[in-house]
Every structure is written in structure tokens, then in C-alpha cells.
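Residues per chain are reported as follows:
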Amino acid sequence: MIDLFEIIGLVAAVLTTSAYVPQAVKTWRTKSAGNLSLTMYIAMFVGIVLWLIYGIYLESLAMILANSVTAILTFIIIVFKLRYK
């Protein structure tokens, strides 16, 4: 059974991960990424991957799910940034 703190973690994961969706969608639709900081997104991507590794180590479902999805979204934004300079 999932405990209260795991539920809190899952809710936090949904909220923080979903924050990347509007940026990814907007960049894809407008084909414009000129105002995005490549350095920031690369640093975020590396940090997210490290959090994912840590979450796997802890066997935390919330951390694994959130950081997996966020890493994918962040990577997509980086690809858009490089493609739509």
C-alpha cells in the first residue's frame, strides 16, 4: 500500500513535471526557441537525470516517474532549441 508521503510525492511529481508541457508545446507549435536558454536546459537535464538515478537508488516511484517524464520533456526542449535557433 502506498503511504501518505508517497502520495504527496506523486502529486508533487505531476505538478512539477506538467510545468514543462506548455513550454514544449509552445516551442513545437511556434518553431521558435530563440528566447530559451540552452545552458539552463542542459543544466536542468543533467540535474534531472541525476535525480532519476537517485530515485532509482531509493526505489521511489514518485521520483522515478517524475524525473523520467521531465527528462524526456527537457530533452525535447533542448532538441527544439538546437533545431529552431
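Residues numbered from 1 in each chain as written. Predicted model: local features only at pLDDT ≥ 70, side-chain atom pairs only at ≥ 80, totals over all residues. Heavy atoms only, no water.

### A few points about a nonpolar patch on the surface
So, point 1. A contiguous nonpolar patch, built from Ile2, Ile7, Val11, Leu15, Leu61 and Leu65 and spanning about 540 Å² of accessible area, is present on the exposed surface.
So, point 2. Among the elements of the structure, α1 (4-18) and α4 (61-83) are those that each provide at least two residues to the nonpolar patch.
So, point 3. For the nonpolar patch, the leading source of residues is α1, giving 3 residues.
So, point 4. Topologically, Ile7 is positioned in helix α1. (Patch = residues over 30% accessible without salt bridge, like charges linked within 9 Å, V, L, I, M, F, W, Y side chains within 5 Å. Areas by Shrake-Rupley, 256 points an atom, 1.4 Å probe, with all protein chains shown as cover. Salt bridge = Lys/Arg side-chain N within 4 Å of Asp/Glu carboxyl O. Helix = DSSP H or I, 4+ residues; strand = E, 2+ residues; numbered from the N terminus.)

### Describing the confidence of the model for the protein chain
So, point 1. Mean pLDDT for the protein chain: 90, with 99% of residues reaching 70 or above.
So, point 2. Ranking the elements of the protein chain by mean pLDDT puts α1 last, at 87, and helix α3 (residues 38-58) first, at 95. (pLDDT = per-residue confidence, 0-100.)

### Notes on the environment of Lys26
So, point 1. In this structure, Lys26 sits in helix α2 (residues 21-30).
So, point 2. The class of Lys26 is exposed, set by a relative accessible area of 54%. (Buried < 20%, exposed > 50% of the residue type's maximum accessible area, 1.4 Å probe, protein only.)

### Quick look at the packing of aromatic side chains
So, point 1. Overall, the coordinates contain 3 aromatic pairs when judged by the stated rule.
So, point 2. On the numbers, 5.8 Å between centres and 65° between planes, the contact of Trp51 with Tyr54 is edge-to-face. Pair noted here: Trp51 and Tyr54 are both in helix α3, with a separation of 3 residues, about one helical turn.
So, point 3. A residue is classified by how much of its surface remains accessible, and Tyr54, at 40% relative accessible area, is partly exposed. (Phe/Tyr/Trp six-rings, centres within 6.5 Å; stacked < 30°, edge-to-face > 60°.)

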